[in-house]
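Listed below, chain by chain, are the residues.
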Amino acid sequence: MGNNWYKLDNAAKIYPAAQTSRWAPIFRLSATLNEEVDVEVLNEALVHVLRRMPTMACRLKAGLFWYRLESVEGVPTIEVDVRNPMLRIDSRKSGGFLFRVRCYHCRIAVEFFHAVSDGTGGLTFLLTMVREYLRLRYGAEIPKGERILDCSADPSPDEMEDAFLRHASDESISRKEPLAYTLQGTHIPREEVILTSGTAPTDRLLALARQHNATLGELLTALLIQAIAEVQRGDRSKVRRRRQVKVSVPVNLRPYFNSKSLRNFSSYINVGIDTRLGEHTLDEIISQTHHTMKLGLTEKQLRGRFSGNVALEKTLVIRMLPLVLKNPIMRSIYNYEGKRYISSTLTNIGLVNLPEEMQRYVERLDFLLGPSTSAITQMATISYYNQTSLNFTRTMAESDVERCFFRSLVRMGVPVRVESNRRN
């Protein structure tokens, strides 16, 4: 097969096993322009981007022992955006591609199966495609950057590596934790997902964070923990009321290990509070969040967390186990660990700065997490210009967590505009 196939990176190996016939781990990034999108030009830009980022132009193939990524020709058909996005990608309809591009008026959206990349790699893909689209459509000369690639350049081997394998050590850290509180609610149909999007001025959020001696990420994480804890207090189950409220915070590993990989290279830190000890103030939750993150966000701690996964992948028993037997084991691990140790997830890409030549065309950026088996409600945030998007995804009818979260922000003086894809 020559250079036409790639091994799945260490993090990606779990996702094909975890997906079901109706569900897969999906995330979505979008850019809203100030003019209607020309789909034909966008399609040409997509051709150029896939040539520049070949690990995205792949299909999933099952081998005897592991899945692999195999190069696929052409481009996926650009689809019209829908009310219920981020449902499982049907490879028979997508031409084998593990992502889809959607377009609606001024919005360009890309939805990725997590086996291909993480949020940082996905954002690089989106911004590179938007840059190429603007060049083709308007002749815009936009400089490349850390997250904006030049489509006329050749792919770099550094961008295609499995950074987990290169940076793993022989020592690892145990992932055992106290059980977490899990939200309960009325499940909606599987073909639906409820999106609640709040937008708030970034400067007002930063000012509020400074008032509490916190970063914006710490503030938002603490507010989410506080909202879940408020819901927990009304739970009828004494057992669930005694469990910790914990939010999983994904961490981009590239800055810590000087990596340029465009594949998965992220880990996570679970932060939270022990609600058995009493009701926590926001400042107490912020302090707990800050110190937990501070302890975990070191090269040695991060390396220790993902080295265990790499060591497991390398063990002879796992390597020699046929895929047909490996899949149910990996699916059980994914479901068992995910559901037991977290109450929700908050992924924060942070502030995205675009070149001035690109800013004039881009009005808004958004980031959303697809439905999850481990967290019934989860959150993704991204800041651009003076606008921060606070996007909730849930698979239950009740909106208690979002309501508590946004109510707290408004009560503290931050104006929030809230929208939803729900009809009622």
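To start, this report covers the structure provided alongside it. Note that the coordinates shown come from a computational prediction; the quantities given were computed from them, not determined experimentally.

Here the focus is the sheet that holds strand 2 (residues 26-33). Read across the open sheet, the 5 strands follow the order 5-6-7-2-12; overall the sheet is mixed. Whereas interior strands pair on both sides, the edge strands pair on one side only; in this sheet they are strand 5 (79-80) and strand 12 (362-369). Judged from the 2 bridges that link them, strand 5 and strand 6 (residues 99-104) form a sheet pairing that is parallel. Following the sheet pairing, Val 80 is matched in strand 6 by Cys 103. Lying over the sheet, helix 2 (residues 39-52) contacts strand 6 and strand 7 (107-113), oriented at roughly 155° with respect to strand 6. Contacts from helix 4 (residues 119-138) reach strand 2, strand 6, strand 7 and strand 12, with the element oriented near 30° to strand 2.

Attention now moves to the layout of surface pockets. The space that makes up the second largest pocket amounts to roughly 670 Å³. The dominant element in the lining of the second largest pocket, judged by the number of residues it contributes, is helix 14 (residues 323-341), at 3 residues. Residues that form the lining of the second largest pocket fall into these classes: 12 nonpolar, 11 polar and 6 charged.

Spanning 15 residues, helix 11 (residues 282-296) covers 21 Å between terminal C-alpha atoms, matching the ideal 21 Å at 1.5 Å per step. Along helix 11, the residues classified as buried are Leu 282, Ile 285, Ile 286, Thr 289, Met 293 and Gly 296. Across the axial projection of helix 11, the buried residues extend over an arc of 105°, all falling on one side. Within helix 11, the exposed residues directed more than 90 degrees away from the buried face are Lys 294 and Leu 295. Buried-residue contacts for helix 11 involve helix 8 (216-233), strand 9 (245-252), strand 10 (266-273) and helix 12 (299-314).

This part covers the packing of aromatic side chains. With the rule as written, the count across this model stands at 18 aromatic pairs. With a centroid separation of 5.5 Å and 80° between ring planes, the pair formed by Phe 392 and Phe 406 is classed as edge-to-face. Here Phe 406 lies in helix 16 (residues 400-411) and Phe 392 lies in strand 14 (residues 387-394), a separation of 14 residues in the sequence. By relative accessible area, which is 0% here, Phe 392 ends up buried. Take Phe 406: its relative accessible area is 7%, and that puts it in the buried class. Within the aromatic cluster, the residues linked to one another by ring pairs are Phe 27, Phe 97, Phe 99, Phe 112, Phe 125 and Phe 367. Sitting over the face of the ring of Trp 66, Lys 13 holds its NZ or CZ atom 5.2 Å from the ring centroid. Geometry around Tyr 268 places Arg 305 over its ring, the cationic atom sitting 4.6 Å from the centre.

Turning next to the pattern of salt bridges. Tallied over the entire structure, the rule returns 27 salt bridges. Lys 13 is paired through a salt bridge with Glu 313; the nearest N and O atoms lie 3.2 Å apart. Remark: Glu 313 occurs in helix 12 and Lys 13 occurs in the loop between strand 1 (5-7) and helix 1 (14-18); sequence separation between them is 300 residues. As far as the burial class goes, Lys 13 and Glu 313 line up, both buried.

Moving on: the pairing of strand 6. Among the 6 residues of strand 6, 5 are classified as buried, and the element is accordingly described as predominantly covered. Between strand 6 and strand 7, which pair antiparallel in sequence order, lie 2 residues; one of them, His 105, sits at a positive phi of approximately 55°.

Turning our attention to helix 4. In a regular helix each residue adds 1.5 Å, so 20 residues correspond to 28 Å; helix 4 covers 28 Å between its end C-alpha atoms and thus fits that length. The buried count for helix 4 comes to 16 of 20 residues, which makes it a mostly enclosed element. A positive backbone phi angle near 70° is found at Gly 139, which sits one or two residues after helix 4.

Although it is not a glycine, Met 86 adopts a positive phi angle of roughly 65°. Looking at where Met 86 falls in the secondary structure, it is placed in the loop between strand 5 and helix 3 (91-94). Although it is not a glycine, His 105 sits at a positive phi angle of roughly 55°. With respect to the secondary-structure elements, His 105 resides in the loop between strand 6 and strand 7.

About the thresholds
Residues numbered from 1 in each chain as written. Predicted model: local features only at pLDDT ≥ 70, side-chain atom pairs only at ≥ 80, totals over all residues. Heavy atoms only, no water. Pairing = 2+ DSSP bridges. Helix = DSSP H or I, 4+ residues; strand = E, 2+ residues; numbered from the N terminus. Contact = heavy atoms within 4.5 Å. Axes fitted to C-alpha atoms, helices over the stretch in contact; angles between N-to-C directions. 1 Å grid on protein atoms, 1.4 Å probe; cavity = no way out; pocket = protein on both sides within 12 Å on 5 of 7 lines; lining within 4 Å. Points joined across faces, edges and corners; volume = space filled by probe spheres on them. Nonpolar A, V, L, I, M, F, W, Y, C, P; charged D, E, K, R; others polar. Expected span 1.5 Å × (residues − 1). Buried < 20%, exposed > 50% of the residue type's maximum accessible area, 1.4 Å probe, protein only. Arc of directions from axis to C-beta. Phe/Tyr/Trp six-rings, centres within 6.5 Å; stacked < 30°, edge-to-face > 60°. Lys NZ or Arg CZ within 6 Å of the ring centre and 35° of its normal. Salt bridge = Lys/Arg side-chain N within 4 Å of Asp/Glu carboxyl O.

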